[in-house]
Amino acid sequence: MSKTALLLVDIQNDYFPGGDWELHQMNEAAVNAASLLAAARQASQMVVHIRHENASVEAPFFRPGSRGAEIHSAVAPSESEPVLTKARPNSFLDTGLLELLQGAGVEALTICGAMSQMCIDATTRAARDFGFEVTVAEDACAARSMVFGGVELSGPQVHAAFMAPLAMGYASVVTTAEILNT
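This write-up is about the structure you can find in this document. Quick caveat, the model's predicted, so the values are computed rather than measured.

### Here we look at the state of the cysteines
In this structure the tally under the stated criterion is zero disulfides. Looking at the unpaired cysteine 112, the closest cysteine sulfur is the one in cysteine 141, lying at 6.2 Å. Take cysteine 112: its relative accessible area is 0%, and that puts it in the buried class. Cysteine 119 carries a free sulfur, and the closest cysteine sulfur to it, the one in cysteine 141, is 11 Å from it. On the basis of relative accessible area, cysteine 119 is assigned to the buried category, the value being 4%.

### Quick word on helix α4 (residues 155-169)
Because each turn of an α-helix spans 3.6 residues, side chains separated by three or four positions end up pointing in the same direction. The terminal C-alpha atoms of α4, which comprises 15 residues, lie 22 Å apart, in line with the 21 Å expected from a rise of 1.5 Å per residue. All of the buried residues along α4 are Gly155, Val158, His159, Met163 and Leu166. Buried residues in α4, looked at end-on, bunch into an arc of 120°, giving them a common side. Buried residues along α4 sit in contact with α3 (116-129), β5 (133-142), β6 (146-148), β7 (151-153) and β8 (172-174).

### Examining the sheet that holds strand β4 (residues 108-114)
Taken together, the six strands give an open sheet; going across it, the order is β3-β2-β1-β4-β5-β8, and neighbouring strands pair in parallel fashion. Across the chains shown, the open sheet's two edge strands, defined by having one partner strand only, are β3 (83-86) and β8. Mean inter-strand twist for the sheet, computed between neighbouring axes without regard to direction, equals 25°. One ladder, built from four bridges, connects strand β2 (residues 46-52) with β3; its direction is parallel. In the sheet register, histidine 52 faces β3, and the bridge partner there is lysine 86. Contacts between helix α1 (residues 26-42) and the sheet are confined to β1 (4-9), β2, β4 and β5, with β5 contributing the most and set at about 140° to the helix.

### Overview of the nonpolar core
Within the largest apolar cluster, 27 residues are counted, with the highest numbers of intra-cluster contacts made by Leu6, Leu8, Ile11, Tyr15, Met26 and Cys112. When residues of this core are traced back to their parent elements, those giving at least two are β1, α1, β4 and β5. Broken down by element, the residue count for this core peaks at seven residues, all from α1. Those residues within four positions of isoleucine 11 in sequence are excluded, and the remaining contacts are Phe16, Met26, Ala30, Ala33, Glu70, Ile71, His72, Val75, Cys112 and Gly113. In terms of nonpolar packing, the next biggest core, distinct from the first, is built from 25 residues, Val48, Leu98, Ile111 and Ala171 among them.

### Some points on the environment of alanine 143
Inspection of the secondary structure assignment puts alanine 143 in the loop between β5 and β6. Alanine 143 gets classed as buried once you look at its relative accessible area, which sits at 2%. In this structure, the C-alpha to C-alpha distance between alanine 143 and valine 158, residues 15 residues apart in sequence, is 6.4 Å. Contact partners of alanine 143, with chain neighbours within four places excluded, come to Leu23, His24, Ser116, Gln117, Gly155, Val158 and His159.

### Here we look at the pairing of β2
Most of β2 is tucked away: seven of the seven residues are buried. Residues Met46, Val48, Ile50 and His52 line one face of β2 and the alternating positions Val47, His49 and Arg51 line the opposite face, and both faces are buried. Judged from the five bridges that link them, β1 and β2 form a sheet pairing that is parallel. Paired with alanine 5 across the bridge in β2 is methionine 46. Crossover connection from β1 via α1 to parallel β2: handedness right-handed.

Reading guide: rules and limits
- Residues numbered from 1 in each chain as written.
- Predicted model: local features only at pLDDT ≥ 70, side-chain atom pairs only at ≥ 80, totals over all residues.
- Heavy atoms only, no water.
- Disulfide = S-S within 2.5 Å.
- Buried < 20%, exposed > 50% of the residue type's maximum accessible area, 1.4 Å probe, protein only.
- Helix = DSSP H or I, 4+ residues; strand = E, 2+ residues; numbered from the N terminus.
- Expected span 1.5 Å × (residues − 1).
- Arc of directions from axis to C-beta.
- Contact = heavy atoms within 4.5 Å.
- Pairing = 2+ DSSP bridges.
- Axes fitted to C-alpha atoms, helices over the stretch in contact; angles between N-to-C directions.
- Core = buried A, V, L, I, M, F, W, Y, C linked by side-chain atoms within 4.5 Å.
- Right-handed = clockwise from strand over helix to strand, strands pointing away.

What follows is the structure, given as structure tokens:
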């Protein structure tokens, strides 16, 4: 069996109700992520928390030093779990994540967090390109509604539009229950 790590990506306060960049069903995603976190800890799996911080205090969300940029309490890291800060959607870019995982002999990743259409997509694709076996816990991820070319897409539509291609060639895209029951 391969050595698996759990990546919790950008489960930060600004994405929750009352935050500066609220996502659809972020509370529900965090509950599922917390279940994955508890199971990973119980199984003594490596857990890595990724947090995004924008460079400018004028950014619309995840401003440096703000409460919104902090990791949500539902998935608070333990003292032994690494927390890596990134400035781009790809969690591997300029963070040392690849070296950390390789150094621990990790071969497979379970990924959850936010946003489905940005950091989950970019991190999942990069992880697969680096040769990891990847599982995305789709119900432990959240998306934001978007408008493009005059077309309005709801959060669930955006989420589905990104999970479908990830499932085609980059990851096993399953529910939290499917992961926990294996």
